[in-house]
Amino acid sequence: QVQLVESGGGLVQAGGSLRLSCAASGSIFSINAMGWYRQAPGKQRELVAHIRSGDNTNYADSVKGRFSISRDNAKNTVYLQMNSLKPEDTGVYYCKMDLQRLPGGYEYPYWGQGTQVTVSS
């Protein structure tokens, strides 16, 4: 069993900051890519930020310069620091990890349950 648990969401005023965390637990051998996605009401889920095992990162254009993704491999945790938040950043934020449960095993995607971020104007 593998479980991803997110934390850090909440309500914040425009211009404020939040830090999301997502910790994986269970039977894990290695984690390659980690990412954050978000889904606003009535919209499709979209990639926000992504980080590979070599710390190569990429961001959605809408968050570049404001959000920063990082990872702690020892803790199987990924973070998303969100600064200068805007009302359009509102949505449910999901973490995703591509991981192997066994040496030489297949890599599968696992998702967290989501955490709500609401930015008021």
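Residues numbered from 1 in each chain as written. Predicted model: local features only at pLDDT ≥ 70, side-chain atom pairs only at ≥ 80, totals over all residues. Heavy atoms only, no water.

A. Seen up close, unusual backbone geometry. For Asp 55, which is not a glycine, the phi torsion comes out positive at approximately 70°. Positionally, Asp 55 belongs in the loop between strand E5 (46-51) and strand E6 (57-59). Positive phi values are uncommon outside glycine, yet Ser 84 reaches one of about 50°. Considering the arrangement of structural elements, one finds Ser 84 in the loop between strand E8 (77-82) and strand E9 (91-100). (Helix = DSSP H or I, 4+ residues; strand = E, 2+ residues; numbered from the N terminus.)

B. Representation of the packing of aromatic side chains in the model. Across all of its chains, the model carries two aromatic pairs by this definition. The ring of Tyr 79 carries the charged tip of Arg 19 above its face, separated from the ring centre by 4.1 Å. The cationic tip of Arg 45 hangs over the ring face of Trp 111; the distance from NZ or CZ to the ring centre is 4.7 Å. (Phe/Tyr/Trp six-rings, centres within 6.5 Å; stacked < 30°, edge-to-face > 60°. Lys NZ or Arg CZ within 6 Å of the ring centre and 35° of its normal.)

C. Looking closely at the environment of Ile 69. Along the polypeptide, Ile 69 turns up in strand E7 (residues 67-72). Ile 69 gets classed as buried once you look at its relative accessible area, which sits at 5%. For the pair Ile 69 and Ala 49, spaced 20 residues apart in sequence, the C-alpha to C-alpha distance is 6.4 Å. With residues up to four places along the chain from it excluded, the contact list for Ile 69 reads Met 34, Gly 35, Trp 36, Ala 49, His 50, Ile 51, Thr 57, Tyr 59, Val 78, Tyr 79 and Leu 80. (Buried < 20%, exposed > 50% of the residue type's maximum accessible area, 1.4 Å probe, protein only. Contact = heavy atoms within 4.5 Å.)

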